[in-house]
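# Tertiary structure, described
This is what each chain is made of:
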Amino acid sequence: MNSGPTISIGSTGHDVRRLQRIFVMTKVLGPSNITGTFDSTTESAVKDFQQGAGLTVDGIVGPITWQALPADPNTPLLARGASGSVVTALQKGLKKYSTPATDPGAVDGDFGPKTEAAVKAYQQDRGVQADGIVGDQTWWAPAGAAGATLASLSGLTTV
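Rules used in this analysis
Residues numbered from 1 in each chain as written. Predicted model: local features only at pLDDT ≥ 70, side-chain atom pairs only at ≥ 80, totals over all residues. Heavy atoms only, no water. Helix = DSSP H or I, 4+ residues; strand = E, 2+ residues; numbered from the N terminus. Rg over C-alpha atoms; globule rule 2.2 N^0.38 Å. Areas by Shrake-Rupley, 256 points an atom, 1.4 Å probe, with all protein chains shown as cover. Salt bridge = Lys/Arg side-chain N within 4 Å of Asp/Glu carboxyl O. Buried < 20%, exposed > 50% of the residue type's maximum accessible area, 1.4 Å probe, protein only.

## Concerning the overall build of the protein chain
A count of helices and strands for the protein chain gives seven helices and zero strands. Counted from the first residue to the last, the protein chain has its helices and strands arranged as α-α-α-α-α-α-α. Here the C-alpha radius of gyration of the protein chain, 16 Å, is about what a compact globule of 159 residues would show, namely 15 Å. In terms of its C-alpha atoms, the protein chain occupies a principal-axis envelope of roughly 50 × 25 × 25 Å. For the protein chain, the exposed area adds up to about 7500 Å²; of that, 52% sits on carbon and sulfur atoms.

## Remarks on the pattern of salt bridges
Tallied over the full model, the rule gives seven salt bridges. Of the charged contacts, one joins Arg 18 and Asp 15 as a salt bridge, the two residues approaching to 2.9 Å between their closest N and O atoms. With Arg 18 and Asp 15 both in helix α1 (residues 14–25), this residue pair falls three residues apart, about one helical turn. You can call Arg 18 buried: its relative accessible area is 12%. Judged by relative accessible area, which is 22%, Asp 15 ranks as partly exposed. One salt bridge in this structure joins Asp 72 and Arg 18, with 2.7 Å as the shortest N-O distance.

See the structure below:
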(Lines give C-alpha, C1' and ligand atoms only; values in the text may rest on other atoms or scores of the structure.)
Protein backbone atom coordinates (compact mmCIF):
# COMPACT_ATOMS: atom_id res chain seq x y z
CA MET A 1 0.00 0.00 0.00
CA ASN A 2 1.29 3.44 -0.92
CA SER A 3 1.45 6.49 1.24
CA GLY A 4 3.09 9.85 0.91
CA PRO A 5 2.64 13.53 1.49
CA THR A 6 -0.16 15.46 -0.19
CA ILE A 7 1.18 16.67 -3.53
CA SER A 8 -0.36 18.68 -6.34
CA ILE A 9 0.51 20.93 -9.26
CA GLY A 10 3.72 22.80 -8.48
CA SER A 11 5.04 20.18 -6.03
CA THR A 12 8.57 18.89 -6.65
CA GLY A 13 10.87 16.21 -5.34
CA HIS A 14 11.21 12.51 -4.61
CA ASP A 15 7.51 11.80 -4.00
CA VAL A 16 6.55 13.42 -7.30
CA ARG A 17 9.16 11.25 -9.09
CA ARG A 18 7.72 8.21 -7.29
CA LEU A 19 4.22 9.10 -8.49
CA GLN A 20 5.47 9.65 -12.04
CA ARG A 21 7.28 6.26 -11.99
CA ILE A 22 4.01 4.57 -11.03
CA PHE A 23 2.27 6.24 -13.99
CA VAL A 24 5.12 5.19 -16.32
CA MET A 25 4.89 1.63 -14.98
CA THR A 26 1.15 1.62 -15.72
CA LYS A 27 1.81 3.06 -19.22
CA VAL A 28 -0.03 6.33 -18.51
CA LEU A 29 3.08 8.51 -18.86
CA GLY A 30 6.29 8.07 -20.83
CA PRO A 31 9.78 7.86 -19.26
CA SER A 32 10.54 11.45 -20.24
CA ASN A 33 7.71 12.54 -17.92
CA ILE A 34 9.70 11.47 -14.83
CA THR A 35 10.90 14.94 -13.95
CA GLY A 36 10.20 15.38 -10.26
CA THR A 37 7.94 18.35 -11.05
CA PHE A 38 4.16 17.97 -10.69
CA ASP A 39 3.15 19.63 -13.95
CA SER A 40 -0.07 19.73 -15.97
CA THR A 41 0.75 16.37 -17.61
CA THR A 42 1.10 14.72 -14.20
CA GLU A 43 -2.07 16.44 -13.00
CA SER A 44 -4.00 15.08 -16.01
CA ALA A 45 -2.72 11.57 -15.27
CA VAL A 46 -3.81 11.93 -11.63
CA LYS A 47 -7.28 13.15 -12.60
CA ASP A 48 -7.72 10.29 -15.10
CA PHE A 49 -6.61 7.81 -12.45
CA GLN A 50 -8.94 9.31 -9.86
CA GLN A 51 -11.88 9.20 -12.24
CA GLY A 52 -11.17 5.57 -13.19
CA ALA A 53 -10.81 4.60 -9.52
CA GLY A 54 -14.06 6.28 -8.51
CA LEU A 55 -12.27 8.88 -6.37
CA THR A 56 -12.87 12.61 -6.06
CA VAL A 57 -11.33 14.09 -9.21
CA ASP A 58 -9.29 17.03 -7.92
CA GLY A 59 -5.78 16.32 -9.28
CA ILE A 60 -4.41 16.28 -5.73
CA VAL A 61 -2.62 13.17 -4.49
CA GLY A 62 -3.54 12.78 -0.83
CA PRO A 63 -3.90 9.70 1.39
CA ILE A 64 -6.89 8.21 -0.47
CA THR A 65 -5.29 8.56 -3.91
CA TRP A 66 -1.92 7.22 -2.66
CA GLN A 67 -3.66 4.15 -1.21
CA ALA A 68 -5.50 3.47 -4.47
CA LEU A 69 -2.32 3.56 -6.58
CA PRO A 70 -0.34 0.38 -7.34
CA ALA A 71 2.75 -0.26 -5.25
CA ASP A 72 5.89 1.62 -6.15
CA PRO A 73 8.30 -0.13 -8.50
CA ASN A 74 11.66 -0.88 -6.88
CA THR A 75 13.82 0.96 -9.43
CA PRO A 76 16.51 2.88 -7.55
CA LEU A 77 19.47 4.70 -9.07
CA LEU A 78 22.24 2.12 -9.58
CA ALA A 79 25.86 2.56 -10.62
CA ARG A 80 29.18 0.75 -10.47
CA GLY A 81 29.89 -0.29 -6.90
CA ALA A 82 26.24 -0.99 -6.03
CA SER A 83 25.33 -4.45 -4.79
CA GLY A 84 22.39 -6.44 -3.56
CA SER A 85 19.10 -7.90 -4.72
CA VAL A 86 18.17 -5.04 -7.05
CA VAL A 87 21.53 -5.42 -8.84
CA THR A 88 20.83 -9.16 -9.13
CA ALA A 89 17.43 -8.33 -10.66
CA LEU A 90 19.09 -5.84 -13.04
CA GLN A 91 21.58 -8.48 -14.16
CA LYS A 92 18.76 -10.96 -14.80
CA GLY A 93 16.88 -8.30 -16.79
CA LEU A 94 19.95 -7.58 -18.92
CA LYS A 95 20.31 -11.32 -19.61
CA LYS A 96 16.63 -11.54 -20.61
CA TYR A 97 17.13 -8.64 -23.02
CA SER A 98 19.47 -11.16 -24.62
CA THR A 99 21.98 -9.51 -26.85
CA PRO A 100 25.63 -10.52 -26.51
CA ALA A 101 26.67 -6.95 -25.64
CA THR A 102 24.14 -6.67 -22.79
CA ASP A 103 25.27 -9.86 -21.03
CA PRO A 104 26.50 -8.74 -17.58
CA GLY A 105 28.30 -12.03 -16.93
CA ALA A 106 27.64 -13.77 -13.64
CA VAL A 107 24.41 -12.88 -11.83
CA ASP A 108 26.13 -12.11 -8.55
CA GLY A 109 24.50 -8.92 -7.27
CA ASP A 110 27.72 -6.94 -7.82
CA PHE A 111 27.57 -3.93 -10.16
CA GLY A 112 31.10 -4.32 -11.48
CA PRO A 113 32.77 -3.54 -14.83
CA LYS A 114 30.91 -6.25 -16.81
CA THR A 115 27.53 -5.08 -15.54
CA GLU A 116 28.50 -1.47 -16.28
CA ALA A 117 29.51 -2.39 -19.84
CA ALA A 118 26.24 -4.32 -20.29
CA VAL A 119 24.24 -1.33 -19.04
CA LYS A 120 26.07 1.00 -21.46
CA ALA A 121 25.35 -1.39 -24.35
CA TYR A 122 21.68 -1.57 -23.34
CA GLN A 123 21.48 2.22 -23.08
CA GLN A 124 23.09 2.68 -26.47
CA ASP A 125 20.72 0.12 -28.02
CA ARG A 126 17.65 1.83 -26.51
CA GLY A 127 18.71 5.40 -27.33
CA VAL A 128 19.35 6.45 -23.74
CA GLN A 129 22.45 8.38 -22.64
CA ALA A 130 25.09 5.64 -22.35
CA ASP A 131 26.62 6.59 -19.01
CA GLY A 132 26.46 3.17 -17.30
CA ILE A 133 24.16 4.55 -14.58
CA VAL A 134 20.73 2.94 -14.25
CA GLY A 135 18.25 5.72 -13.52
CA ASP A 136 14.66 6.41 -14.52
CA GLN A 137 15.33 6.78 -18.25
CA THR A 138 17.21 3.45 -18.37
CA TRP A 139 14.77 1.48 -16.20
CA TRP A 140 11.74 2.70 -18.15
CA ALA A 141 12.90 3.03 -21.78
CA PRO A 142 10.87 0.69 -24.01
CA ALA A 143 12.79 -2.56 -24.37
CA GLY A 144 11.01 -4.10 -27.33
CA ALA A 145 7.86 -6.11 -27.78
CA ALA A 146 4.75 -6.01 -25.61
CA GLY A 147 5.72 -2.84 -23.76
CA ALA A 148 8.63 -4.43 -21.92
CA THR A 149 11.09 -2.24 -20.02
CA LEU A 150 14.31 -3.07 -18.21
CA ALA A 151 12.30 -2.72 -14.99
CA SER A 152 9.75 -5.32 -16.16
CA LEU A 153 12.44 -7.65 -17.56
CA SER A 154 14.11 -7.43 -14.14
CA GLY A 155 10.88 -8.35 -12.34
CA LEU A 156 10.73 -5.03 -10.47
CA THR A 157 7.34 -3.79 -11.64
CA THR A 158 4.19 -4.30 -9.60
CA VAL A 159 1.59 -4.28 -12.37
